[in-house]
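Chain and residue survey
Take a look at the letters that make up each chain.
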Amino acid sequence: MTRSLALTLNALGLYAVALVLVIAFAAQLLLNELPCPLCLLQRIQFAMLAVGPILNLRFGPRPSYYAVSLFTAIAGAAFATRQILLHIMPGDLGYGSALLGYHYYTWAFIGFAVAIIALAAMLLFDEQFRDDGKPQPAGAFARAAVWLVIALTALNVVSTLLECGFGACPDNPVAYELLKRAP
Amino acid sequence: MEFSALFLAVTVVMVVAWWGTRTLALALFAATLLASIATYLHHASDVLKLSF
């Protein structure tokens, strides 16, 4: 795999992260499904998956940058596993609604597992790590991916602040704390 | 509040990764990852309301 192809795949990885964040926002805003604390932690890990590709696009591919995303994916999979196990008992309807038969945290686990496999697969190709000495500035496609994912993460700062307010986030949030009217 | 702070920290890590030095980006990334794991462990230590 050439360096150029690896960088294109990293940019595509950023668009995949952006898509996950958009779907999470869509569920929150269109279906009014407010994310619970564990759901927010998984969303944070999805956003953190983008740090490795951003470093690869900025400085050129390095195994250590893929490791950054691997650590994040493993943590995210662990958080999602915890939430799956919380609702594993027969008769438990799970948290929130299901999408195509699976709850969001199950999809999150699948997403993190796919990320781990994809990152391991990327590490198989040594050719991308050979520095030919030629600087390879990121193109518009990659720059747009970086700014899209940064903007979506920044939007999450605002939405989480509106949802949780300045205190601890409720276990089962049903309304935006900062938008509640005073009695 | 802690989740807003974590999202803000991730945003800062991304901006530093894109504009700043790699050492600072990696250090901030490590700090943010540890903070998110600590947040998880804090919530995981809550008493579970199970019905069996």
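First things first, this report covers the structure right here in the doc. (Residues numbered from 1 in each chain as written. Chains lettered and ligands numbered in written order. Predicted model: local features only at pLDDT ≥ 70, side-chain atom pairs only at ≥ 80, totals over all residues. Heavy atoms only, no water.)

Considerations on the overall build of chain B
Rule in force here: Strands are runs of DSSP state E lasting at least 2 residues, helices are runs of H or I lasting at least 4, and numbering of each runs from the N terminus. Throughout, exposure labels follow a simple rule: accessible area from a 1.4 Å probe, protein chains only, divided by the maximum for the residue type, with under 20% read as buried, over 50% as exposed, and the rest as partly exposed. A 1.4 Å probe and the Shrake-Rupley method give the accessible areas. Residues count as covered only by the protein chains that appear here.
Helix and strand counts for chain B stand at two helices and zero strands. A buried classification covers 37% of the 52 residues belonging to chain B. Only carbon and sulfur atoms are counted for the fraction: they give 76% of the accessible area of chain B, which is about 2900 Å².

Describing the overall build of chain A
The condition is simple: When checking whether two residues touch, look at their non-hydrogen atoms; a contact exists if any pair is within 4.5 Å. None of His or the chain ends enter the tally, which takes Lys and Arg as positive and Asp and Glu as negative. Every charge is mapped onto a representative atom, which is NZ of Lys, CZ of Arg, CG of Asp or CD of Glu.
A count of helical and extended segments in chain A gives six helices and two strands. When the helices and strands of chain A are read in sequence order from the N terminus, they spell out α-α-α-α-β-β-α-α. Considering only C-alpha atoms, chain A reaches an extent of 65 × 40 × 25 Å along its principal axes. Residue burial in chain A is summarised as follows: out of 183 residues, 44% are buried. Considering only residue pairs separated by 6 or more positions, chain A has 73% of its internal contacts joining residues 24 or more positions apart. Of the accessible surface of chain A, which amounts to about 9100 Å², a share of 71% is contributed by carbon and sulfur atoms. Of the charged side chains in chain A, 10 are positive and 9 negative, and the gap between their average positions amounts to 8 Å.

Considering helix α2 (residues 22-44) of chain B
In plain terms, the rule: An expected span of 1.5 Å times one less than the residue number is assigned to each helix.
Along its 23 residues, α2 of chain B runs 32 Å from first to last C-alpha, staying within 8% of the 33 Å computed at 1.5 Å per residue. Considered for burial, the residues of α2 of chain B that qualify are Ala25, Phe29, Thr32, Leu33, Ser36, Thr39, Tyr40 and His43 of chain B. Close packing links the buried residues of α2 of chain B with α2 (37-48), α3 (51-59) and α4 (63-86) of chain A together with α1 (2-19) of chain B.

Structural notes on the nonpolar core
For clarity, the threshold we go by: Here, the term nonpolar core denotes a set of buried Ala, Val, Leu, Ile, Met, Phe, Trp, Tyr and Cys residues that are joined through side-chain atoms within 4.5 Å.
Grouped together as the largest cluster of nonpolar side chains are 57 residues, with contacts concentrated most on Leu14, Ile54, Leu57 and Val149 of chain A together with Met14 of chain B. Going through the elements one at a time, α1 (3-30), α2, α3, α4, α5 (104-123) and α6 (140-164) of chain A together with α1 and α2 of chain B are the ones with two or more residues in this core. Those residues in contact with Met14 of chain B, other than ones at most four positions away along the chain, are Ala47, Ala50, Val51, Ile54, Val149, Ile150 and Thr153 of chain A.

Remarks on unusual backbone geometry
Residue and element names in this part refer to chain A. Despite not being glycine, Asn32 shows a phi value in the positive range, around 55°. Summarising the element assignment, Asn32 is placed in the loop between α1 and α2. Positive phi, close to 55°, is recorded for Leu100, a residue that is not glycine. Topologically, Leu100 is positioned in the loop between β1 (98-99) and β2 (102-103). Since its relative accessible area comes to 75%, Leu100 is described here as exposed.

As for the interface of chain B and chain A
The condition that has to hold: Reported buried area values correspond to the accessible surface (1.4 Å probe) lost by two parts on association, with both partners' losses combined. The term salt bridge refers to a side-chain nitrogen of Lys or Arg lying within 4 Å of a carboxyl oxygen of Asp or Glu. Residues adjacent in sequence count toward polar contacts only when both atoms are side-chain atoms; beyond that, a polar contact is any pair of N or O atoms within 3.5 Å, and within protein one must be able to donate a hydrogen and the other to accept it. Amino acids outside the nonpolar list (Ala, Val, Leu, Ile, Met, Phe, Trp, Tyr, Cys, Pro) and the charged list (Asp, Glu, Lys, Arg) are all regarded as polar, and Gly is one of them.
Contact residues are listed per partner, giving 33 residues for chain B and 46 residues for chain A. Roughly 3400 Å² is buried in total at the junction of chain B and chain A, and carbon and sulfur atoms are behind 77% of that figure. Area buried by chain B at its contact with chain A is led by Phe7, Met14 and Trp18 of chain B, which between them contribute 25% of it. Linking chain B to chain A there are zero salt bridges. Our count for the contact surface shared by chain B and chain A stands at eight residue pairs in polar contact (both at pLDDT 80 or more). Listed by contribution, the elements that provide at least two residues to the side of chain B that touches chain A are α1 and α2 of chain B. Ranked by residue count, the leading element in the side of chain B that touches chain A is α1 of chain B, at 15 residues. Here the side of chain B that touches chain A is built from residues that sort into 22 nonpolar, eight polar and three charged.

A few points about the packing of α2 of chain A against α1 of chain B
To keep it simple, the criterion reads: Helix axes are fitted only over the stretch in contact, all axes being lines through C-alpha atoms; the angle between N-to-C directions runs from 0 to 180 degrees. When describing relative orientation, an angle under 35 degrees is termed roughly parallel and one over 145 degrees roughly antiparallel, while 65 to 115 degrees is termed roughly perpendicular and anything else oblique.
Interhelical geometry of α2 of chain A versus α1 of chain B gives an angle of 0° and a closest axis separation of 10 Å. It follows that α2 of chain A is roughly parallel to α1 of chain B by the angle criterion. Along its contact with α2 of chain A, which presents Pro37, Leu40, Leu41, Arg43, Ile44, Ala47 and Met48 of chain A, the element α1 of chain B presents Phe3, Leu6, Phe7, Val10 and Met14 of chain B. Split by residue class, the contact of α2 of chain A with α1 of chain B holds eleven nonpolar, no polar and one charged.

Here's the deal with the environment of Tyr95 of chain A
All names here are of chain A. Considering the arrangement of structural elements, one finds Tyr95 in the loop between α4 and β1. Separated by twelve residues in sequence, Tyr95 and Gln83 have C-alpha atoms that sit 8.8 Å apart. Excluding residues that lie within four positions of it along the chain, Tyr95 makes contacts with Leu34, Pro35, Cys36, Cys39, Gln83, His87, His103, Tyr105, Asp171, Asn172 and Pro173.

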